[in-house]
Every structure is written in structure tokens, then in C-alpha cells.
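# Descriptive structure summary
If you want the building blocks of each chain, they are given just below.
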Amino acid sequence: MSFFSFGQSAEIDIVLNDAETRKKAEHKTEDGKKDKYFLFYDGETVSGKVNVTLKTPGKRLEHQGFKIEFIGQIELYYDRGNHHEFVSLVKDLARPGEMAQSQTFDFEFTHVEKPYESYTGQNVKLRYFLRATVSRRLNDICKEMDIVVHTLSTYPELNSSIKMEVGIEDCLHIEFEYNKSKYHLKDVIVGKIYFLLVRIKIKHMEIDIIKRETTGTGPNVYHENDTIAKYEIMDGAPVRGESIPIRLFLAGYEMTPTMRDINKKFSVRYYLNLVLIDEEERRYFKQQEITLWREGDVARKSMSHQAAIASQRFEGSEKTLPQAKEDSN
Amino acid sequence: MAEAIADTRRLYTKPQNLNDAYGPPSNFLEIDVTNPETVGVGRNRFTTYEIKLKTNLPIFKLKESRVRRRYSDFEWLRGELERESKVVVPPLPGKALFRQLPFRGDDGIFDDSFIEERRQGLEQFLNKVAGHPLAQNERCLHMFLQDESVDKNYTPSKIRQA
């Protein structure tokens, strides 16, 4: 804003053309609060109007030009000065001159590429925003409007189950199975833990969901782990031959899709951590990565195809289970 | 458009063998530290504790054993485990050196309540340690629990199945 009381100033307002119909999505801000922003997908056009309102009526506004930009950028918290822009589009709205009265300018960024999902994390932020600027000799007048972008995926062609035998030799052998390796954000993890050998005194068992945010490259890689969920699946001591079912509804937890090496700057990955605790509070655990993806409302496989895949692995079926992979832990 | 209801039916499981379901569990391990006895006279007195072990774990050579140990034997075991294994060894009950000073109103380290407190601490210590899968691989633990006496000149080694 202007620090000098003489001269004209203006207020900028950005309004989208489809503000009435476009959906909004909730997104966390850096300080943890939740706000609603207009939701966009990759390839959608971003169009609207920039209203420039002169503050002092009657006076002219001298300027070096008006422009509006559409920016997608990654900001690493430990390196705030450097914004990594991966999308940068600009439209000039007015050439340098004088503005005699308040005006409205139309803009359109056609079929804008938005390759990554908006993300606000512990050490990194990826955001998209419109920025309208009135350039002036001494100080510019700026207005930013953040939007939120979601990346959608369709049901994966291949979604194998995760099945492994792990344990400590002669002490504890278990076989764990999760019905898929890729889950959408409102999916259900269905699985089981089968006890092959139990020579320790187990008190209870839980499954945790861990989010790992990785920033930096090479020697400066930094992992931030966050336990999103802890879900007890067994209370008490199991014996050989027992199976403990797992049914974990993901919709109840705040998660994002898996993000791998976004613009070579950061990753967000999710892990299931199976934890067994014995009577002396010793913890035995096995971590396994899962891929999370965001399902679109429109793009879906037919129900019958889903049912066909599902029936191959559930109770009542005669089919034998696939070969277990060997993995000693 | 209605949301597809996720399939949450349980995965197929093998029925459990009835012997496994109702038989004795494979993790039976009971250790008791009992019957403190003070032996010797005058300045050469010391207290020993009986260590009774009952188990069905294959790693133990004897399914039942009974030995007598004194506090310094426990200290030796703790030192061996700390050095030889990667286990974070729990602490022993206190050494109570102040109780060994003269001119005390009570019986010092031969005081009944002190011995009982120590006995409980030693029992907790052994149960924690003997159930640890890594500690179970150490020769020193088996020697402490089941051999007639502790040979402090032994060669440390790892044990697999008995």
C-alpha cells in the first residue's frame, strides 16, 4: 500500500466469472487454520475480472501498466526467499498511462496446466494464485487471490494386494495382508494379520498411518514424520493360527494424495505401520508404504468391474491366495 | 450420483487348528525371585535369592530350573547384557551403599523390608530381561538362570535353539 499521502491510490479486486457455480474446497493455511478456496482441476480455464477502484474520486492514477498473473509455486520454509515457480502466465491489462476513473478489466487464462495438487505442509507449501499488479514508479499496488488445485486419478488398472511374512526368528512370525497397495482418500483398508508363531507375550496390536514429508535433495534431505492415525486392532494375547481382521476407514483422516518428487522439490508419502506391543512395552513393528490417490466424482469404473475384482479375494471364494513373498524382519 | 459402497468383507482366513486354539500357549515363561536367605556371619554376610523358572520356550534348555543368586550376580548379568547385546537393559533396584554404613538404627542391607523391596525389583528386572528376544540369545542369561553357578570367566557367545 502507498506510504505517501499525496497522490492517488487504488483498490484491486479479482472476481472469477464462475464464482457463483464453482465449488470451493477447504484447505489448511500455514498456521493450521482452515479456509475455503475456489477449486480448480488441471486444464481448466481461469477467467474473470479485475476491478480497479480509485480511492480518491476525481484524481487521476498515474501508472506504469496493469497486469494479471497466474502463478503456481513451491515455497520451502527454510528457504523463503526463493520461490520456485513451475507455472507462470501473465496477461497485460493496460499499458502505462493515466487512469481517470475506476475500471474493470477482463482476463482469461485458457486451459491452464496445473500439474500438481495444492499442498500446505510442515516444511513446504505448494500454491496457485492470481496476482493483479498496478505498477508504479515508487510502489506497486498488488492483490493476490489463492485457489486450490486437486489432482484426480482413476481407478488403477493394477492394484495388487500387499502380503508378506515377517518376524523375529523363533520368536514371532506373522503374515500380514492388505487388500490393495493403492487406496483412494475415502477408501477402506481391509486386511488381516495371521499369527504363525507366538513365543512372546503380546499385549495388544495397532495399525498406524504415518505421513512422511521429504524436502531437500542430496545431503540436505529432511524427513518430517507425522502419525496421522493410531487404530487398535487387537487387545489381548493371540496364539498360533489366529487371524485378526483389519478394517480401517480412511475418510475419517485428513490426508492428501501421495506426492512423489514434486518438481524435484518435495515428496509426501504414506505408510501403514503395524505395531505389536508386548507385556514389557517392547514394540515390534513393520512399515509398509501405500499409495493414496484422489478419486474424481465423474471418472469411475463400473460397479460390476469393481465387484469382479473384489470377489476374487474374499470369504466364500474357492480361489487360493497368491504366493506369499518372503521377507524376514 | 450415489457413492459406491466399498467392499469391506473380511479377507479369507484359514480356520484355526483346535489344538492351537485350546492348547497351552507357546509363550509360557514364568520367573519368580523368592526365598531370600542371608548366609555367613558378621562382616561376611550376604543375601541370596532363589530364582525359579518355568517355561515351554525351546530356547531354554531346561523347562524347569531353580538356582540361587546374590545381588552382585545380577550386577554381573546386567553388565554382560549391556556389553554383549543391543538390548537397552532395564535398571536394577538400588545398590543401597548408604545402608552398608555403620551406626544405623536398622539392620542395613539385611533389613527385612529392604530385602523384600530388593526382591521385588530383582523379579521385575528378570522378567523384563528374560522375555526379550535379543537377550534370550545371550549365553550369560542362560547361565545365570539355569546353570548351577555363574562362571564369570566364561566366553560370551550367542545361543540359537537349545
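Everything numeric here is computed off the predicted structure, so don't read it as measured data. (Residues numbered from 1 in each chain as written. Chains lettered and ligands numbered in written order. Predicted model: local features only at pLDDT ≥ 70, side-chain atom pairs only at ≥ 80, totals over all residues. Heavy atoms only, no water.)

Counting its secondary structure elements, chain B contains four helices and three strands. Walking chain B from its N terminus toward its C terminus, one meets helices and strands in the order α-β-β-β-α-α-α. Counting only C-alpha atoms, chain B reaches 85 × 40 × 30 Å along its principal axes. A total of 162 residues make up chain B; the buried ones form 40% of that total. Contacts in chain B between residues at least 24 apart in sequence constitute 55% of all its contacts with a sequence separation of at least 6. As presented, chain B carries roughly 9900 Å² of accessible surface, and 50% of it is formed by carbon and sulfur atoms. Each charge sign in chain B was given a centre, from 26 positive and 24 negative side chains, and these centres are 3 Å apart. (Helix = DSSP H or I, 4+ residues; strand = E, 2+ residues; numbered from the N terminus. Buried < 20%, exposed > 50% of the residue type's maximum accessible area, 1.4 Å probe, protein only. Contact = heavy atoms within 4.5 Å. Areas by Shrake-Rupley, 256 points an atom, 1.4 Å probe, with all protein chains shown as cover. Lys, Arg positive; Asp, Glu negative; His and termini not counted. Charge placed at Lys NZ, Arg CZ, Asp CG, Glu CD.)

Before going further, it helps to examine the interface of chain B and chain A. Accessible area lost upon the coming together of the parts is a frequently used measure of interface size. Each partner contributes to the interface: chain B provides 30 residues, whereas chain A provides 36 residues. Taking both sides of the interface into account, the surface hidden between chain B and chain A amounts to around 3100 Å²; carbon and sulfur atoms contribute 54%. Summed over the three residues of chain B that lose the most area to chain A, namely Arg10(B), Leu11(B) and Tyr12(B), the buried surface amounts to 22% of that side. Linking chain B with chain A are two salt bridges. Notably, a salt bridge pairs Lys128(B) with Glu280(A), separated by 3.8 Å at the nearest N-O pair. Across the chain B-chain A interface, the total number found is eight residue pairs in polar contact (both at pLDDT 80 or more). Contributing elements (two or more residues each) for the side of chain B that touches chain A: α1 (18–22) and α3 (112–130) of chain B. Residue composition of the side of chain B that touches chain A, by class: twelve nonpolar, ten polar and eight charged. (Buried area = accessible area lost by both parts, 1.4 Å probe. Salt bridge = Lys/Arg side-chain N within 4 Å of Asp/Glu carboxyl O. Polar contact = N/O pair within 3.5 Å; in protein donor to acceptor, adjacent residues only side chain to side chain. Nonpolar A, V, L, I, M, F, W, Y, C, P; charged D, E, K, R; others polar.)

Before going further, it helps to spend a moment on the domain arrangement of chain A. Residue and element names in this part refer to chain A. Split into domains, chain A comes out as domain 1 (10–149) and domain 2 (162–296). The C-alpha-based centres of domain 1 and domain 2 are spaced at 40 Å. With 15 residues of domain 1 at the contact, the number on the domain 2 side is 16 residues. Summed over both sides, the interface between domain 1 and domain 2 buries roughly 1400 Å², with carbon and sulfur atoms accounting for 61% of that surface. Among the residues domain 1 hides against domain 2, the three largest losses belong to Glu-117, Tyr-119 and Asn-123. Together they make up 40% of the total. Counting every contact that joins domain 1 to domain 2 gives two salt bridges. Taken together, domain 1 and domain 2 are joined by seven residue pairs in polar contact (both at pLDDT 80 or more). Elements with a minimum of two residues in the side of domain 1 that touches domain 2: β6 (66–76), β7 (83–94) and β11 (124–134). (Domains from an automatic or database assignment.)

Attention shifts here to the confidence of the model for chain A. Residues and elements named next belong to chain A. On average, residues of chain A score 89 in pLDDT, and 88% of them reach the 70 mark or higher. In this model, residues 299–305 is a region of pLDDT below 50 whose contacts with residues beyond four sequence positions or in other chains number ten contacts. Low pLDDT, under 50, characterises residues 316–329; the stretch is placed with 24 contacts to residues that sit more than four places away or in other chains. (pLDDT = per-residue confidence, 0-100.)

We now examine the nonpolar core. Among the nonpolar cores identified, the biggest contains 74 residues, and Leu130(A), Tyr178(A), Ile193(A) and Phe195(A) are the most heavily contacted of them. Of the residues that make up this core, three or more belong to each of domain 1 (10–149) and domain 2 (162–296) of chain A. Formed by 32 residues, the second largest nonpolar core is a distinct cluster that contains Leu77(B), Leu92(B), Leu122(B) and Leu126(B). (Core = buried A, V, L, I, M, F, W, Y, C linked by side-chain atoms within 4.5 Å.)

On to the UniProt feature "domain: PX" (unreviewed entry) in chain B. Mapped onto the present numbering, the UniProt feature "domain: PX" (unreviewed entry) falls at residues 27–151 of chain B. As annotated, residues 27–151 of chain B comprises 33% helix and 22% strand, and the C-alpha atoms at either end are separated by 28 Å. (UniProt positions renumbered as here; feature names shortened; annotations may be inferred.)

This part covers the pairing of strand β1 (residues 29–39) of chain B. Two strands pair when backbone bridges link them, and β1(B) and strand β2 (residues 46–55) of chain B are joined in this way by nine bridges, in the antiparallel orientation. Bridge assignment links Leu29(B) to a residue of β2(B), and that residue is Thr55(B). (Pairing = 2+ DSSP bridges.)

Moving on: the packing of aromatic side chains. Per the counting criterion, the structure on display carries twelve aromatic pairs over all chains. A centroid spacing of 5.6 Å and a plane angle of 15 degrees characterise the contact between Tyr119(A) and Phe266(A), whose relative ring orientation is stacked. Placement of the pair is Tyr119(A) in strand β10 (residues 119–120) and Phe266(A) in strand β21 (residues 266–278), with a sequence separation of 147 residues. Under the relative-accessibility criterion, Tyr119(A) is labelled buried at 1%. Owing to a relative accessible area of 1%, Phe266(A) belongs among the buried residues under this scheme. Consider the rings of Phe176(A) and Tyr178(A), whose centres lie 5.2 Å apart with planes at 40 degrees: the pair is tilted. On the basis of relative accessible area, Tyr178(A) is assigned to the buried category, the value being 0%. One aromatic cluster is present, formed by Phe70(A), Phe86(A), Phe107(A), Phe109(A), Tyr116(A) and Tyr128(A) through successive ring pairs. It is Arg212(A) that lies over the ring of Tyr271(A); its NZ or CZ is 4.5 Å from the centre. Sitting over the face of the ring of Phe46(B), Arg70(B) holds its NZ or CZ atom 3.9 Å from the ring centroid. (Phe/Tyr/Trp six-rings, centres within 6.5 Å; stacked < 30°, edge-to-face > 60°. Lys NZ or Arg CZ within 6 Å of the ring centre and 35° of its normal.)

Turning to helix α4 (residues 139–146) of chain B, a few remarks are in order. Residues and elements named next belong to chain B. In terms of burial, α4 is a largely internal element, seven of the eight residues being buried. Listed in full, the buried residues belonging to α4 are Cys-140, Leu-141, His-142, Met-143, Phe-144, Leu-145 and Gln-146. Tucked inside the fold, the buried residues of α4 contact β1, β2, β3 (64–70), α2 (71–84) and α3.

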